[in-house]
Amino acid sequence: MSTRNKDGRILYQNGTCLETFLQENCPSRLNDPSVFWVMVLNATAPRTFKNNPDHVLLNERFFVDRWNQILATRCHVTADDVKYLANVTGFVSGKWIAEVTREEVDDVWRRVATATVENRLGRAAKVTSLNISRERPGCRHVIAVYLRDFLDESYVNRTEAELRRCGVLSPMTLTPDIYHRLGLYFRNEYRISPVYLRSRYCKKQSSSQSDCESSMTSLALPHQSTENEASK
């Protein structure tokens, strides 16, 4: 059983047959123009999505006041300032993002979805439909895994390792949701890298290597806010 949301997502209903849901909604064959994502939730994870009344974003005044305080007391805002803001406001959610080919997406997504529902990954996961993926170079599908706390290093490493066990062998990036909230996309005015972590799979060692980019800067280019599909 599944629920089709108005925002283009097909959402798995916990407690029903996951295997049936995955078979009926294979991303490589899902060509409905009204469907953009197939999504599963980790029922045991705390609800921290943006439609949750308790989400930190709804405490807008506190968040904005802290951000304005940073802007007023810093000559140059850095990624460490953003990490501080995330820590003091509790806005620590984020996403692992990876791309997989159409040929491999159904099998990889089945493993990722199962790991998510079984509480071995993040608090949710989603994958693009064929309708969206055919617009990307090589018809590659995007898989996004929602994380509870990007500042928790052991948790981030654990979810990274689980994604590799699920067959995600392509490069992955981790982007904190607070980056989107502050408009820290490519060419942002603070020259902060929009990627917090990059993970590359080492085939010879059958392991991953993560490179933290939280302190790296990009070229001093004009600010340009470009929404990432996976941030929705």
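A quick note: this is a predicted structure, and the numbers were derived from the prediction, not measured. Counting of residues starts from 1 at the beginning of each chain's written sequence and follows it residue by residue. Two thresholds apply to this predicted model, a pLDDT of at least 70 for residue-level local features and 80 or more for giving and counting side-chain atom pairs, whereas whole-chain, interface and lining totals are computed over all residues. Note that water and hydrogens are dropped before the side-chain values are worked out from all heavy atoms of the structure.

> Could you clarify how one ought to interpret unusual backbone geometry in this entry?
Among all residues except glycine, the phi angle is most often negative; among peptide bonds, the trans geometry is most common. Despite not being glycine, Asn119 shows a phi value in the positive range, around 65°. Only DSSP runs of H or I with at least four residues qualify as helices, and only runs of E with at least two residues qualify as strands; both kinds are numbered from the N terminus onward. Position of Asn119 among the secondary structure elements: in the loop between helix 4 (102-117) and strand 5 (124-128). Of note in the backbone geometry, Arg187 takes a positive phi value of approximately 65° without being a glycine. Relative to the assigned elements, Arg187 resides in the loop between helix 7 (177-181) and strand 8 (197-202). Of the residues examined, Arg187 reaches a relative accessible area of 41% and is grouped as partly exposed. The cut-offs for exposure are 20% and 50% of the maximum accessible area for each residue type, with area from a 1.4 Å probe on protein chains only; residues under the lower value are buried, those over the upper are exposed, and the others partly exposed.

> What should I look at first to understand the side chain of Thr128 in this one?
On the secondary structure map, Thr128 appears in strand 5. Those residues in contact with Thr128, other than ones at most four positions away along the chain, are Pro27, Phe36, Trp37, Ser133, His141 and Val142. For this analysis, residues touch if any pair of their heavy atoms sits within 4.5 Å.

> For this particular structure, what's the right way to read the pattern of salt bridges?
Pairing of side chains with opposite charge becomes possible as their charged atoms draw close. Whenever a carboxyl oxygen of Asp or Glu lies within 4 Å of a side-chain nitrogen of Lys or Arg, that contact is scored as a salt bridge. With the rule as written, the count across this model stands at 12 salt bridges. As a salt-bridge pair, Arg110 and Asp107 come within 2.7 Å of each other at their nearest N and O atoms. Here Asp107 and Arg110 lie together in helix 4, a separation of 3 residues that amounts to about one turn. On the basis of relative accessible area, Asp107 is assigned to the partly exposed category, the value being 33%. Residues joined in a network through salt bridges with shared partners are Glu118, Arg120, Glu162 and Arg165.

> Looking at this structure, how should I read the packing of aromatic side chains?
Note on aromatic pairs: each is described by the distance of the centres and the angle between the planes. Centres within 6.5 Å make a pair out of two Phe, Tyr or Trp rings, where for Trp the six-membered ring is used; the pair is then stacked when the planes are under 30 degrees apart, edge-to-face when over 60, and tilted otherwise. Enumeration according to the criterion identifies 4 aromatic pairs in this entry. Each ring, one from Trp67 and one from Tyr190, has its centre 5.7 Å from the other, and the planes form 85°; the classification is edge-to-face. Residue Trp67 is located in helix 2 (residues 60-73), and its partner Tyr190 is located in the loop between helix 7 and strand 8; the two are separated by 123 residues in the primary sequence. The exposure class of Trp67 is buried, given its relative accessible area of 10%. To sit over a ring, a charge needs its Lys NZ or Arg CZ within 6 Å of the ring centre and within 35 degrees of the ring normal. Note that Lys126 overlies the ring of Trp37, its terminal NZ or CZ placed 4.1 Å from the centroid. Against the face of Tyr155 rests Arg148, its NZ or CZ located 4.1 Å from the ring centre.

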